[in-house]
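Examining the three-dimensional arrangement
Residue-level listing of the chains:
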Amino acid sequence: MNHSTLRLQLTGRILFTSLFLILTIAQARDANADEVSKVRRPIRFAETEFGRSLEAASGGLSLPFEKSVTVTPLTVQLRLRMVPRSARFRSAILAATDQNRPVFQIIQDGRNGLAIECPAAGKMIHAGLDLADDKWHDLAVVFGSKTIRIVVDGRELKNQKVEWAKKLSVLKTAWIGQSPDGKQRFDGLIDDVLITPGVSDINNWKANGKQVVAVNFDETEADYLAQWTPLRSTRPDAEPWENGTDDEWPDGRIKDMERGP
């Protein structure tokens, strides 16, 4: 075996070993990232002029739709204030999925600003406005039977004609401040989320019972804990613990448990 052949074999082995080590380290890093992503971080809120607002950078929310509804016709309203972060390519503001696929996503694109991604209509609609200015904005998106309208602070930015898929899936989950896969988070505050079937009045920001999702984050801790007060049983054969009152439930650990959003 000549020296040239030996050098080629040694070089090949070194390259193979280096590639193997790189792949092993990458897999270990990905596995560690997966474990870190499973650790649930506490969701934070901030006191603002609209009451309590969600700090979406700390974690988004997923909420089930209360009624069976499709993407059209549908009116989506929310208030937001986005922190300027030029390095962030994409932030998810609000999304909706059927079983596990996005039906629509409202995003802030680092290059093009506000956009609506709607696979159900085969469209990506750019509004032509950058929301990352650290100011509050009222955003409304109306998914009509033939158009998608985008209105920000009372000004219509887009009224795009669309053709919907013949069969529209039923919306199951709303994702506030994050993408359904959890990879994109919104950098800023979100408040007053209303999702209403049909084409509704976008100037009305109060829930009227017609919404399939209605959140304002203003529920106090006391109000929330009140939902955990055990109800007394009306059965004559109820166990003693089923008839407990607040005074008989002094154990404070229930206040320390992780109750979720």
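Preceding this section is the structure that the text describes.
In what follows, the accompanying structure is described. Worth saying up front: this structure is predicted, and the values here are computed from it rather than measured.

Cut-offs applied
- Residues numbered from 1 in each chain as written.
- Predicted model: local features only at pLDDT ≥ 70, side-chain atom pairs only at ≥ 80, totals over all residues.
- Heavy atoms only, no water.
- Pairing = 2+ DSSP bridges.
- Helix = DSSP H or I, 4+ residues; strand = E, 2+ residues; numbered from the N terminus.
- Core = buried A, V, L, I, M, F, W, Y, C linked by side-chain atoms within 4.5 Å.
- Buried < 20%, exposed > 50% of the residue type's maximum accessible area, 1.4 Å probe, protein only.
- Contact = heavy atoms within 4.5 Å.
- Phe/Tyr/Trp six-rings, centres within 6.5 Å; stacked < 30°, edge-to-face > 60°.
- Lys NZ or Arg CZ within 6 Å of the ring centre and 35° of its normal.
- Axes fitted to C-alpha atoms, helices over the stretch in contact; angles between N-to-C directions.

**Side note on the pairing of strand S8 (residues 123-126)**
Summarising the sheet, strand S7 (residues 113-118) and S8 pair through four bridges and their orientation is antiparallel. The residue bridging Glu117 from the neighbouring strand is Met124, located in S8. Where S7 folds back onto S8 in an antiparallel hairpin, the turn is made up of four residues, including Gly122, whose phi is positive at roughly 65°.

**Some details on the nonpolar core**
With 46 residues, the main nonpolar core has Phe104, Ile106, Phe143 and Ile195 as its most contacted residues. In terms of residue count, strand S4 (residues 74-82) provides more of this core than any other element does, five residues in total. Setting aside anything within four residues of it in sequence, one finds Ile106 in contact with Val76, Ala92, Ile93, Leu94, Leu114, Ala115, Ile116, Leu139 and Val141.

**Some points on the packing of aromatic side chains**
Summed over the entire model, instances satisfying the criterion amount to four aromatic pairs. Between Phe45 and Phe217, the aromatic rings sit 5.9 Å apart at their centres with planes inclined by 45°, giving tilted as the arrangement. Of this pair, Phe45 sits in strand S1 (residues 44-48) while Phe217 sits in the loop between strand S14 (213-215) and helix H2 (221-226), and the two are 172 residues apart along the sequence. Phe45 sits in the partly exposed class, given a relative accessible area of 31%. Positioned above the aromatic ring of Phe45, the side-chain terminus of Arg52 is 4.3 Å from the ring centre.

**Thoughts on unusual backbone geometry**
In this chain, Thr72 is followed by Pro73 through a cis amide linkage whose omega measures -10°. Positionally, Pro73 belongs in the loop between strand S3 (61-64) and S4. The phi torsion at Asp134 lies on the positive side, around 60°, for a residue other than glycine. Inspection of the secondary structure puts Asp134 in the loop between S8 and strand S9 (136-143). Phi is positive for Phe217, which is not a glycine, with a value near 65°.

**Looking at the sheet that holds strand S6 (residues 102-109)**
Through backbone hydrogen bonds, the strands of a sheet pair up, either in parallel or in antiparallel fashion. Strand order across the open sheet formed by six strands is S3-S12-S5-S6-S7-S8, with antiparallel pairing between neighbours. Each edge of the sheet is formed by a strand with only one pairing partner; in this case those strands are S3 and S8. Averaged over all adjacent pairs, the angle separating strand axes in this sheet is 15°, with direction ignored. Judged from the five bridges that link them, S6 and S7 form a sheet pairing that is antiparallel. Pairing of Ile106 across the sheet is with Ile116, part of S7.

**Structural notes on the side chain of Thr173**
Secondary-structure assignment places Thr173 in strand S12 (residues 173-176). Taking the relative accessible area as the measure of exposure, Thr173 reaches 19% and is therefore buried. Once residues lying within four places of it in the same chain are set aside, the contact partners of Thr173 are Ser62, Leu63, Pro64, Phe65, Ala95, Ala96, Thr97 and Asp98.

**Overview of the pairing of S9**
Along S9, seven of the eight residues are buried, which leaves the element largely enclosed by surrounding structure. In this sheet, S9 lies alongside S4 in antiparallel orientation, the contact comprising eight bridges. Paired with Val76 across the bridge in S9 is Val141. Pairing of S9 with strand S10 (residues 147-152), which is carried by five bridges, proceeds in the antiparallel orientation. Within S10, the residue paired with Val141 across the bridge is Ile150. From the end of S9 to the start of S10, which pair antiparallel, there are three residues.

These results come straight from atomic positions and should not be treated as a statement about function.
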